[in-house]
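Spelled out, the chains give:
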Amino acid sequence: MKTATRQQTAMRTSMVSIGGNLFLCFVKLFAGILGKSGALVSDAIHSAADAVDTIIVMIGVKLASKAPDAQHPYGHERLECAAAIILSLILGLVGLGIGFSGAETILFHHHGHDALEVPNRLALFTALAAIAIKELLYWYMRGKAKRIDSEALMAIAWHNQADALSSIGSFIGILGARAGFHILDPLVSVIICFFVIKTALTIFKSSIDKMVDRACPPDMVKAIADTARDSYPGLSMGQFRTRLFGDRIYGEMELLFSEETSLSQADQICRQVQAAIEDQFENVKECRVFPAVSTNK
């Protein structure tokens, strides 16, 4: 996918996420306060964080799409991963805040069954509606992220999934509190905290992997190698290395030729193989193919 088209898709998808999360934030906050549910208010904060994180991702995608220049000859793709790392840190802090709020309620305000207010039906039905909306946002974002191979957009999708789990927890907590288990509502806020932090760590690890020139997954390496072999029958391949630069792939492939093969012929085959790889895989930014003399007799 061309850089301009990729950026447009990311921006449109991000705007949908921001709109959906801001809507959910206000609805959850309103229903949480009127419905007397601490878990739903915590959930509203989580949705607000989703919107803020998406704005950060939009900035990262915009910067990452800039063309290479003299100071950045390999491009700016890693800025998208940097945005995903910032997102994971914010998400982790939000998770800790949610857990702290729930723990404080349990430790200092739960002195008896009447100490905590019982959430009403408004909170219950709002949590149920939020689950459906967040799941729809997750699958929408996930599909778009896979289509354009965007780490930052996938991080937002997982953030929406974490919010859906958060809403499920809120629903269970509210339902339990209405059934007489008054401590269940703040207890769920603590449980939500662990889900959110786990998601933050997953996003952080995935982004760091792409920041440190990690090799492509084995299935991608095999697919590129197979394309090279298909482009020129009887091809003998030497060393093949790949590295991830943000969401783009760089490769270095060595082709083995006999001593009888002329330099011009070997160079022509290398160019043919390189063109086939770069045409077949949109996320391969560059795959340099070099000729080498085979040592086999």
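Refer to the structure printed above.
Rules used in this analysis
- Residues numbered from 1 in each chain as written.
- Predicted model: local features only at pLDDT ≥ 70, side-chain atom pairs only at ≥ 80, totals over all residues.
- Heavy atoms only, no water.
- Salt bridge = Lys/Arg side-chain N within 4 Å of Asp/Glu carboxyl O.
- Helix = DSSP H or I, 4+ residues; strand = E, 2+ residues; numbered from the N terminus.
- Buried < 20%, exposed > 50% of the residue type's maximum accessible area, 1.4 Å probe, protein only.
- Phe/Tyr/Trp six-rings, centres within 6.5 Å; stacked < 30°, edge-to-face > 60°.
- Lys NZ or Arg CZ within 6 Å of the ring centre and 35° of its normal.
- Expected span 1.5 Å × (residues − 1).
- Arc of directions from axis to C-beta.
- Contact = heavy atoms within 4.5 Å.
- Pairing = 2+ DSSP bridges.
- Axes fitted to C-alpha atoms, helices over the stretch in contact; angles between N-to-C directions.

## Section: the pattern of salt bridges
- One pass over the structure, following the stated rule, counts four salt bridges.
- A salt bridge links Asp226 to Lys222, with the shortest nitrogen-to-oxygen separation between them at 2.9 Å. Here Asp226 pairs with Lys222, and both are found in helix α7 (residues 218-231), just four residues apart, close to one helical turn.
- Since its relative accessible area comes to 28%, Asp226 is described here as partly exposed.
- In this structure, the salt-bridge partner of Asp226 is Arg229, at a minimum N-O distance of 3.6 Å. Within this pair, Asp226 and its partner Arg229 are both found in helix α7, separated by three residues, close to a single helical turn.

## Details of the packing of aromatic side chains
- For the structure shown, the criterion picks out one aromatic pair.
- Relative to Trp139, the ring of Tyr138 has its centre 5.0 Å away and its plane inclined at 65 degrees; by these criteria the two rings are edge-to-face.
- Above the plane of the ring of Tyr250 lies Arg243, whose end atom (NZ or CZ) is 4.8 Å from the centre.

## With respect to α7
- Taking 1.5 Å per residue as the helical rise, α7 with its 14 residues ought to reach 20 Å, and the 20 Å between its terminal C-alpha atoms agrees with that figure.
- Listed in full, the buried residues belonging to α7 are Ile224, Ala225, Thr227, Ala228 and Ser231. Looking down the long axis of α7, one finds its buried residues gathered within 155 degrees of arc, a one-sided arrangement. Residues of α7 that are exposed and point more than 90 degrees away from the buried face comprise Pro218, Asp219, Lys222 and Asp230.
- Structurally, α7 contributes buried residues whose contacts are with β1 (237-245), β2 (248-257), α8 (263-280) and β3 (284-293).

## Some details on the sheet that holds β3
- Strand order in the open sheet formed by three strands is β1-β2-β3, and the pairing between neighbours is mixed. Each of the sheet's edge strands pairs with one partner strand only, and the pair in question is β1 and β3. For this sheet, the mean angle separating the axes of adjacent strands, direction not counted, is 10 degrees.
- Both β1 and β2 contribute to a ladder of seven bridges, which runs antiparallel. Counted as the bridge partner of Leu244 is Ile249 from β2.
- Of the strands in this sheet, β1, β2 and β3 touch α7, which is tilted by about 135 degrees from β1.

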